[in-house]
Amino acid sequence: MNAPMPDAVPGPDKDGLVAALRRLLPAEAVLHEPEELRPYECDGLTAYRQLPLAAVLPDTVAQVQAILRLCHERKVPVVARGAGTSLSGGALPRADGVLLSLARFNRILHIDPVNRVARVEPGVRNLAISQAAEPHGLYYAPDPSSQIACTIGGNVAENAGGVHCLKYGLTVHNVLRVRMLTMEGEQVTLGSEALDAPGYDLLALLNGSEGMLGVIVEVTVKLLPRPERAQVVLAAFDTIEQAGAAVARIISAGIVPAGLEMMDNLAIRAAEDFVHAGYPTDAQAILLCELDGTNEEVSEQILQVRDLIAACGATEFRTARDEAERLRFWAGRKAAFPAVGRITPDYYCMDGTIPRRRLPEVLRRIAELSAEYGLAVANVFHAGDGNLHPLILYDANKPGELERVEELGGRILELCVAVGGTITGEHGVGVEKINQMCVQFTAAELRQFHAVKRAFDLAGLLNPGKVVPTAQRCAEFGAMHVRGGELPFPELERF
Amino acid sequence: MPLAADMSTELRETVAAARTAGRRLTIVGGGSKGFYGRAAQGEPLHVGGHRGILNYEPTELVLTARGGTPLAEVEAVLAAQGQMLAFEPPHFGPGATLGGAVACGLSGPRRPYAGAVRDFVLGVKVLTGRGEILRFGGQVMKNVAGYDLSRLMAGALGTLGVLLEVSLKVLPRPAAEVTLVQEHADAREAIALMNQWAAKPLPLSAACFDGHLLHVRVSGAVSAVQAARNRIGGERVEQGAAWWERLREHAPPFFAGERPLWRLSLPAACPPLDLSGKWLVDWGGAQRWLRSEEPAEKIRAAAAAAGGHATLFRGGDRTGEVFHPLAPGVMALHRRLKAAFDPDSILNPGRMYREY
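Residues numbered from 1 in each chain as written. Chains lettered and ligands numbered in written order. Predicted model: local features only at pLDDT ≥ 70, side-chain atom pairs only at ≥ 80, totals over all residues.

### A look at the interface of chain A and chain B
Contact residues are listed per partner, giving 76 residues for chain A and 69 residues for chain B. Of all the elements in the fold, those that place two or more residues in the side of chain A that touches chain B are β9 (187-191), α7 (202-206), α8 (240-252), α10 (295-311), α15 (434-440) and α16 (443-456) of chain A. Each residue belonging to the side of chain A that touches chain B can be placed in one class, and the counts come to 32 nonpolar, 28 polar and 16 charged. (Contact = placed C-beta atoms within 7 Å. Helix = DSSP H or I, 4+ residues; strand = E, 2+ residues; numbered from the N terminus. Nonpolar A, V, L, I, M, F, W, Y, C, P; charged D, E, K, R; others polar.)

Laid out in structure tokens, this is it:
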């Protein structure tokens, strides 16, 4: 959304730092040539790129500790990185800093089927945990779209969600314990092997802290029994309003679906072209509603959902006939981003969350903004929890287009705040939405965030410059404050 | 007392004045959980008058209320819409408030299957020890803007701030709920059984063993509950809901008397610990109540060795440490976090640990 991080003043003695790192690690684990550093120049938010001073690939906790101590002593910033799938620039390197890759921490340390927990290193991929637990009939519930690639350490840092978090919660609800290192290199354990731990809930605080408070070196997650049956229904609607009403009906009937997803026409067509999921391409909106649980429960709820959806004017209602069709229905949704990527040179993915009931008006306003900027927007969202992913289609090679996309994106986020929502539901603030933090929070609240950061990292060396803007930056951004849906000067034109 | 009143201005002024004068405050809602934590110090700061439900949208599954709102009022409003606080907070007295329930961070029998109070906190408005009123989180299900300072308030015992407002995720009440009871002679066997059930896709919502009887509750669609009943077996308890409510409120005779009451939070399948006293196993094995005169060090060492921790929940010496001692690195983070919210340590000083 915003200008990339300011280039750091050319301070640190690169040669001296690299030499010192080489004393801690094997030579092949310290990278410093531009061509070796290139793979680390950006994460999933590719609009921003920055080569770090050096990148390190330790594979023991003692090595990570030594790296942190060295950087702390030399006042060198450190940016931790898992698989680099962040969509908000959380792992964007600093020109004056060390990029700390945790990719080599990829061992599953222990699966305990009786207590239903898995203890893993931070670089283990999300999906690999479920695969390892599979023989025991267990799985790890949070399933971000990037689950094939993203790592559990990054999931904790970002408090990752996924299509099933309506029923099974976010990462924070599924992690029991984290071992982390402070910037000083001290190892601390947050949470426990039990369901809670004494003192403050530092584990909850660490989830979603975007690598600003500590470096995660081990994670213990909860495993759940695989539901006996999962069934997905697909419903098509002539208007977004009808689809939105169906969502509210399902929830107020006391049903908590495992997933409840919506796509608009542009997203439907793109997905259908790409994966041939069998979506009705003339629908203005489709809903995918997954029900899981015991066999009896799922049968009962499918009938209930069918009646509720019919009452909302659905033009079509399909139940996946078999597992292959269920996976095909989901494939279209899970591939929605790359599908949109096929019909446009570039796209920009947003991540606001709103109260569900404001959905029709927010989508209407997004359509107006889309027309105003002359930029198409495809909408894909986790309808069950009001988390929107508008995708702005653009061409980065057209001069000035990225800037207009960022401006449009910023206005969409401010719209989310204005209706009582938030600028980010699951992708994180990173560098991307840092200006919009000035819109969502008061100066005093931002000061409190900075105070919390200092409590963990007094020197301010862990992933500095991300997530929480400085007062000066907010002043420059010139944000007007939106609170409780009211602008202080509603008559004024907003930028 | 009026049904709704906004006292945030008065409360802020009181906190600001206390800070200036170097006076310490002990936060009092309904006074139902005054026994919990270390002995209170300081002048009472009454927050019970700051009450009222501010927003409740059943289709959003979100409720926002002021901290002093009676828990009973919140539960009644939810029940009228067929919804509930799924973490089943204990009241421990008629005056229990929402703010107190969140600040104490206690959850009832449904916790291992539905989540703890912290899992349902979506946002807070908090009055810090600096006298600042700040909002964190919000009223939406997913929100990762900034650090999650709202969940941090759950269980912080008011030591980081006074909870002026809390937004919680609420859930629909299950369509059906049945409590079953079976006899078991051996705790080891009962704990193993509860964990075997939990590893299967059964709609469990509570499981408790009192040394003789194993109570288990299943919740969900009518057909699912019926099917689970057949698979689990046991006699149906007629007043099942009341049975769990009594357990949640510590009404059974197990909890009566003066002997120290310890709460051990353990990995669910952990075998019985070798500590003398009477045991009651809740949360499918993950929360164990112990009436025991054993030395605190011995109880804590046993809990820690098993991967958990122990709290002196009621009775015993409330001027010593009642919560499990923290590792030095974790304690250092606690001290600095406390200072970040309440630099002069005026809010509930010493309530959690002696040090702050």
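Anyway, onward from the coordinates.
### Some thoughts on the environment of Tyr-348 of chain A
Residues and elements named next belong to chain A. By the element assignment, Tyr-348 lies in strand β16 (residues 346-349). What makes Tyr-348 buried here is the crowd of 24 C-beta atoms within 10 Å. Discounting residues that sit within four places of it in the chain, Tyr-348 has contacts with Leu-391, Ile-392, Tyr-394, Val-405 and Gly-409. (Buried ≥ 20, exposed ≤ 12 C-beta atoms within 10 Å, placed from the backbone.)

### Points about the packing of helix α9 (residues 265-275) of chain A against helix α12 (residues 336-343) of chain A
Residue and element names in this part refer to chain A. In the contact formed by α9 and α12, the axes pass within 8 Å of each other and the chain directions differ by 90°. Considering the angle they form, α9 stands roughly perpendicular to α12. Seen from α9, the contacting residues are Ala-267, Ala-270, Ala-271, Asp-273, Phe-274 and Val-275; seen from α12, they are Ala-336, Pro-338, Ala-339, Val-340, Arg-342 and Ile-343. Looking at side-chain class alone, the contact of α9 with α12 contains 10 nonpolar, no polar and 2 charged residues. (Axes fitted to C-alpha atoms, helices over the stretch in contact; angles between N-to-C directions. Parallel < 35°, antiparallel > 145°, perpendicular 65-115°, else oblique.)

### Description of the sheet that holds strand β8 (residues 161-169) of chain B
All names here are of chain B. Spatial ordering of the open sheet is given by β3-β4-β8-β6-β7, a layout of 5 strands whose pairing is antiparallel. Each edge of the open sheet carries a strand with a single partner, namely β3 (53-57) and β7 (133-137). The mean inter-strand angle of the sheet, taken between neighbouring strand axes irrespective of direction, is 15°. Here 5 bridges tie strand β6 (residues 121-128) to β7, and the two strands are oriented antiparallel to one another. (Pairing = 2+ DSSP bridges.)

### Some thoughts on the packing of α8 of chain A against α10 of chain A
Residues and elements named next belong to chain A. At a minimum axis distance of 9 Å, the contact between α8 and α10 shows a crossing angle of 145°. Between α8 and α10 lies a crossing whose hand is right-handed. Touching Ala-246, Arg-249 and Ile-250 of α8 are Val-305, Leu-308, Ile-309 and Ala-311, all from α10. Among the residues making up the contact of α8 with α10, the classes are represented as 6 nonpolar, no polar and 1 charged. (Left-handed = near helix turned anticlockwise from the far one by under 90°.)

### A closer look at the pairing of β8 of chain B
Regular strands place their side chains on alternate faces of the sheet. All names here are of chain B. Within β8, 9 of the 9 residues are buried, which leaves it mostly tucked inside the rest of the structure. For strand β4 (residues 62-66) and β8, the ladder comprises 5 bridges, and the chain directions are antiparallel. In the sheet register, Leu-63 faces β8, and the bridge partner there is Leu-168. In this sheet, β8 lies alongside β6 in antiparallel orientation, the contact comprising 7 bridges. Residue pairing across strands places Gly-123 opposite Ser-167, the latter belonging to β8.

### Regarding the domain arrangement of chain A
The parts lose accessible area when they come together, and the size of an interface is often stated as this lost area. All names here are of chain A. Annotation of chain A at the domain level lists domain 1 (14-101), domain 2 (108-225), domain 3 (229-339) and domain 4 (344-477). Put simply, the middle of domain 1 and the middle of domain 4, counted by C-alpha atoms, are 27 Å apart. Contact with domain 1, which involves 15 residues of that partner, is made by 15 residues of domain 4. Those elements giving two or more residues to the side of domain 1 that touches domain 4 turn out to be α3 (61-74) and β3 (78-81). Tallied by class, residues from the side of domain 1 that touches domain 4 come to 9 nonpolar, 5 polar and 1 charged. (Domains from an automatic or database assignment.)

### Side note on helix α8 (residues 222-232) of chain B
Every buried residue belonging to α8 of chain B is among Ala-224, Val-225, Ala-227 and Ala-228 of chain B, and all of these are buried. The arc that holds every buried residue of α8 of chain B, seen down its axis, measures 165°, which confines them to one face. Each element contacted by the buried residues of α8 of chain B is listed here: β14 (285-293) and α10 of chain A together with β10 (176-183) and β12 (213-220) of chain B. Count one or two residues on from α8 of chain B and you reach Gly-233 of chain B, which has phi positive near 80°. (Arc of directions from axis to C-beta.)

### Some points on the nonpolar core
All names here are of chain A. Residues Ile-286, Leu-287 and Leu-391 are the most contacted members of the largest nonpolar core, which totals 268 residues. The element contributing the most residues to this core is helix α14 (residues 401-418), with 8 residues. If we ignore the near neighbours within four places in the chain, the residues touching Ile-286 are Leu-234, Ala-235, Ala-236, Met-263, Ile-268, Tyr-279 and Pro-280. (Core = buried A, V, L, I, M, F, W, Y, C linked by C-beta atoms within 7 Å.)

### Let's talk about helix α13 (residues 359-373) of chain A
Residues and elements named next belong to chain A. Its 15 residues place the ends of α13 21 Å apart at the C-alpha level, agreeing with the 21 Å of an ideal helix rising 1.5 Å per residue. Those residues of α13 that fall on the buried side of the exposure criterion are Leu-359, Val-362, Leu-363, Ile-366 and Ser-370. Seen from one end, α13 has its buried residues packed into an arc of 95°, which puts them on one side. Opposite the buried face of α13, at more than 90 degrees from it, the exposed residues are Arg-364, Glu-368, Ala-371 and Glu-372. In this structure, the buried side of α13 is in contact with α8, β17 (377-382), β18 (387-394) and α14. Following α13 by one or two positions, Gly-374 adopts a phi angle in the positive range, close to 65°. (Expected span 1.5 Å × (residues − 1).)

### With respect to the sheet that holds strand β1 (residues 30-31) of chain A
Residues and elements named next belong to chain A. Spatial strand order, β1-β2-β4-β3: 4 strands in an open sheet with mixed pairing. In the strand order of this sheet, the two ends are held by β1 and β3, each with one partner. Pairing between strand β2 (residues 54-56) and strand β4 (residues 98-101): 3 bridges, direction parallel. Considered in β4, the bridge of Ala-55 is made with Leu-99. In the packing of α3 onto the sheet, contacts are made with β2, β3 and β4, and the angle to β4 comes to roughly 165°.

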